[in-house]
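Each chain is listed here by its residues.
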Amino acid sequence: MAVEITEEFVWQSIPPRARDSHKGTFGSVLAVAGSAFYRGAALLAAEGALRTGAGIVTLASVEPVVSAAVTRLPECCLCPCKEGAQGGIAPENVPLLRRQKATVLLLDTAAYALDDGALQPEEEMLRLDARLRRELDYPRRDGALAQPYTLPKETPQHTLHLHLAFDSEIDFAGAQLALEDAESVKIEMNGKPVPSVVTGYFTDRSIKTVALPPIEKGENRITLHLPYGKRTNVEWCYVLGAFGVRVAGTQKTVTPLPEKLAFADVTTQGLPFYGANIDYHIPVTMHEDAKLAVHASLYRGALIGVSVDKKRVGSIALPPYTCALPLKKGAHTLTLTLFGNRMNSFGQVHLVNTSHHWFGPSSYRTEDDNWSYEYQLKRFGILKSPTLTEYTEEPAR
C-alpha cells in the first residue's frame, strides 16, 4: 500500500526524545571520508549523519576537509588525519581511528585578574580561587566546603579573568575546550573570540565542550572571562584532540600524536593526562592449534580485557593475571584493552604524598612539603610485556 510522505507523517514516525536525553543517548557515527581533492562528499556524509539524529558524529579526514568542517559543521567532532598518497587518508592513521578517544591537555594554572584589577602571576586555579575567597570573605571550598546549591542564589558581582597558556610543536585543527559552565563564560583564543556553543561533554555532563580555533605552532593563549560570585566553581579546564602532550616539570607542550605505544608508562609517551581505555593490538600466528594463555602481571589501570579477533574471551584483574586463549592454526590479532581511570585527568596531580589514599577537597589543596607545582602523575599502562605460555590445565580466571 502506497503511503504519501508528508511533513505530518514524518513527525508522527519520529519517536519523541526524553527531556533529560543528551548527545550520548543517541549513538555515535565515525565518518572516515574525503581527501585533499574531494572534500564535499565527506562534509555531506557527516552532515547527513547529524541530520538523521546521531548523537555524536566524528569526521576523520585530512586537514583541508577538517578545516572546511570547522566552519560548516560546528557541532561535528573532528579527527585530523595524516595525508597519504594522492591526498587521501594515510594507512598509518588506523591506530588513531581505532582509539577514537581524545587525548587530553590539562590546563590547571592561570594568570588572573579580578574585575579591572592588576594581572596576577600564574597560579593553580583552586589555589587562586581560595585566595580570592579569603579576600572577598566568600565561603571556602576546601574541607569546609558547602555545596553551591546550599547557598542563596545570587547574581555574581565580579568578573574573573583567567589567562591560560601552553606551547605547541605543531599546528592542529579540531581541538575542543572542556570546561564547566561553558555557556556563561566568554572565551578567547590567541586574541580571537570563540563562540560558547556547546558541542558535547567530557566525562561528566557538567564539563561541556566548545570547539576551538586551530592550535598554532608556538605559544597559544586561552582567556576565560567568567562571572564570579559565592556560588562560582573555578575548576580546571581541558583541551581535547588527537595530539600528544609532553610534560617536563610544570611545562606542557602539545606534540604529534604517538603512532605506537610501548609496554611502559604512557604518561612519558605523549599521554600524561589521558585516562580512557587503551587497546594494545598484538599479531599472533599459530602454525597449529594450541592451548595458550596470556599472562600480564604488571599494569596500572582498572583491569585488562582480552579479545581474540575482536571477540572478548576474558579479563585479567586478579592473580595469577592469566587468561586462556582459544587459538587455532592461522593468523590472529590478540587485543589487550587496558581499562583506564581518570586519576591523571581529575586526580590530585600536585599531591606529593604517594601513600595518601583519602580523596576529598583538602587533598587537592595541600601545602608546604605536601604540595608540588611540578606534576606528580600516576603510572598508567601495561608496564611489562605480556607473555604467551602453553598450558595443559585451563588457568583460573
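An account of the accompanying structure is given in this report. Residue positions are given per chain, counted from 1 along the sequence in the order it is written. It should be noted that, the model being predicted, local features are given only for residues of pLDDT at least 70 and side-chain atom pairs only at 80 or more, the latter also being counted only at that level, while totals for whole chains, interfaces and linings use all residues. Excluding hydrogens and water, the side-chain figures rest on all heavy atoms present in the structure.

A pair of strands is labelled paired if DSSP reports no fewer than 2 bridges between them. In this description a helix means any DSSP run of H or I spanning at least four residues, a strand means any run of E spanning at least two, and both kinds are numbered starting from the N terminus. Judged by pairing direction, the sheet is antiparallel, and its five strands sit side by side in the order E4-E14-E8-E12-E11 without closing on themselves. The sheet is open, and its two borders are formed by strand E4 (103–107) and strand E11 (198–202), each paired with just one other strand. For this sheet, the mean angle separating the axes of adjacent strands, direction not counted, is 35 degrees. The pairing of strand E8 (residues 176–180) with strand E14 (residues 237–241) spans three bridges and is antiparallel. By the bridge assignment for E14, leucine 177 is matched with valine 239. Axes here refer to lines fitted to C-alpha atoms; in helices the fit is confined to the stretch in contact. Angles between the N-to-C directions go from 0 to 180 degrees.

Sheet architecture is open: three strands sit in the order E1-E2-E3, paired in parallel fashion. Across the chains shown, the open sheet's two edge strands, defined by having one partner strand only, are strand E1 (28–32) and strand E3 (77–81). Between one strand axis and the next, the sheet turns by 15 degrees as a mean value, whatever way the strands run. One ladder, built from five bridges, connects strand E2 (residues 56–62) with E3; its direction is parallel. Each bridged residue has a counterpart across the sheet, and for valine 62 the counterpart in E3 is cysteine 81. The contact definition used throughout considers only heavy atoms, calling two residues in contact when any of these lie within 4.5 Å. Here helix H2 (residues 40–51) sits on the sheet in contact with E1 and E2, set at roughly 175 degrees to E2.

Here helix H5 (residues 125–136) spans 16 Å end to end across 12 residues, near enough to the 16 Å set by a 1.5 Å rise per residue. Using a 1.4 Å probe on the protein chains alone, a residue whose accessible area is under 20% of its type maximum counts as buried, one over 50% counts as exposed, and one in between counts as partly exposed. Inspection of H5 places Met125, Leu126, Arg127, Leu128, Asp129, Leu132 and Arg133 among the buried residues, and these make up the whole buried set. Its side-chain oxygen placed 3.1 Å from the backbone nitrogen of leucine 126, glutamate 124 serves as the N-cap of H5. Count one or two residues on from H5 and you reach aspartate 137, which has phi positive near 60 degrees. Given a helix with a known number of residues, its expected span is that number minus one, times 1.5 Å. N or O atoms closer than or at 3.5 Å make up a polar contact, with two conditions inside protein: a donor-capable atom paired with an acceptor-capable one, and, for residues adjacent in sequence, both atoms drawn from side chains.

This part is about the packing of aromatic side chains. Pairs were defined over the aromatic rings of Phe, Tyr and Trp, the Trp ring being its six-membered one, requiring ring centres within 6.5 Å. Orientation was assigned from the angle between planes: stacked under 30 degrees, edge-to-face over 60, tilted for the rest. Scanning the entire structure with this criterion turns up 10 aromatic pairs. Ring plane angle 55 degrees and centroid distance 5.4 Å describe the contact between phenylalanine 202 and tyrosine 238, whose orientation is recorded as tilted. One end of the pair, phenylalanine 202, is in strand E11; the other, tyrosine 238, is in strand E14, and 36 residues separate them in sequence. Each member of the pair, phenylalanine 202 as well as tyrosine 238, carries the same accessibility label: buried. Pairwise contacts between aromatic rings join Phe202, Tyr238 and Phe346 into one cluster. Here, a charge over a ring is recorded when the distance from Lys NZ or Arg CZ to the ring centre is within 6 Å and its angle to the ring normal is within 35 degrees. Positioned above the aromatic ring of tryptophan 371 is the side chain of arginine 127, whose terminal nitrogen or guanidinium carbon lies 4.1 Å from the ring centre.

Let us look at the pairing of strand E5 (residues 109–114). For a regular strand, side chains alternate in direction, first toward one face of the sheet and then toward the other. Most of E5 sits out of view: six of its six residues are buried. Of the two faces of E5, the one carrying Thr109, Ala111 and Ala113 and the one carrying Ala110, Tyr112 and Leu114 are both buried. Pairing between E5 and strand E6 (residues 120–124): three bridges, direction antiparallel. Following the sheet pairing, alanine 110 is matched in E6 by glutamate 123. Remark: five residues form the turn of the hairpin made by E5 and E6, two consecutive strands paired antiparallel; aspartate 115 in that turn has positive phi of roughly 55 degrees. As judged from the four bridges shared by E5 and strand E7 (residues 158–168), these two strands associate in the antiparallel manner. The residue bridging alanine 111 from the neighbouring strand is histidine 163, located in E7.

Nine residue types can take part in a nonpolar core, namely buried Ala, Val, Leu, Ile, Met, Phe, Trp, Tyr and Cys, and a core is a set of them joined through side-chain atoms within 4.5 Å. Core analysis: the biggest nonpolar cluster contains 50 residues, and Leu160, Leu162, Ile222, Leu224, Val239 and Phe243 have the highest contact counts within it. If near-sequence neighbours (up to four positions away) are discounted, leucine 224 is found in contact with Leu160, His161, Leu162, Leu164, Leu177, Leu179, Val185, Lys186, Ile187 and Cys237. Counting residues in hydrophobic clusters, the runner-up holds 25 residues, among them Ile278, Val294, Ile304 and Leu325.

Between Lys or Arg on one side and Asp or Glu on the other, a salt bridge is scored when a side-chain nitrogen of the former is within 4 Å of a carboxyl oxygen of the latter. A complete count under the given rule lists 12 salt bridges for this structure. Here arginine 72 ties to glutamate 47 by a salt bridge, and the two come within 2.7 Å at their closest N and O atoms. Here glutamate 47 lies in helix H2 and arginine 72 lies in helix H3 (residues 63–72), a separation of 25 residues in the sequence. What makes arginine 72 partly exposed here is its relative accessible area of 43%. Where arginine 127 meets glutamate 123, a salt bridge forms, and the shortest distance between an N and an O atom there is 3.8 Å. Pair check on accessibility: arginine 127 and glutamate 123 agree, each one buried. Residues joined by salt bridges that share partners form a network here, namely Glu123, Arg127, Arg131 and Glu367.

Moving on, we get to unusual backbone geometry. The peptide bond linking proline 319 to proline 320 adopts the cis configuration, its omega dihedral lying at 10 degrees. Here proline 320 shows up in the loop between strand E21 (311–316) and strand E22 (322–327).

A few words now on the pairing of E2. The buried fraction of E2 amounts to six of the seven residues, a majority that puts the element mostly inside the structure. The pairing of E1 with E2 spans five bridges and is parallel. Along E2, the bridge assignment pairs serine 28 with isoleucine 56. The definition of a right-handed crossover adopted here requires that, viewed with the strands pointing away, the path from the first strand over the helix to the second runs clockwise. In terms of handedness, the path from E1 via H2 over to E2 forms a crossover that is right-handed. Read as a crossover between parallel neighbours, the route from E2 over H3 to E3 is right-handed.

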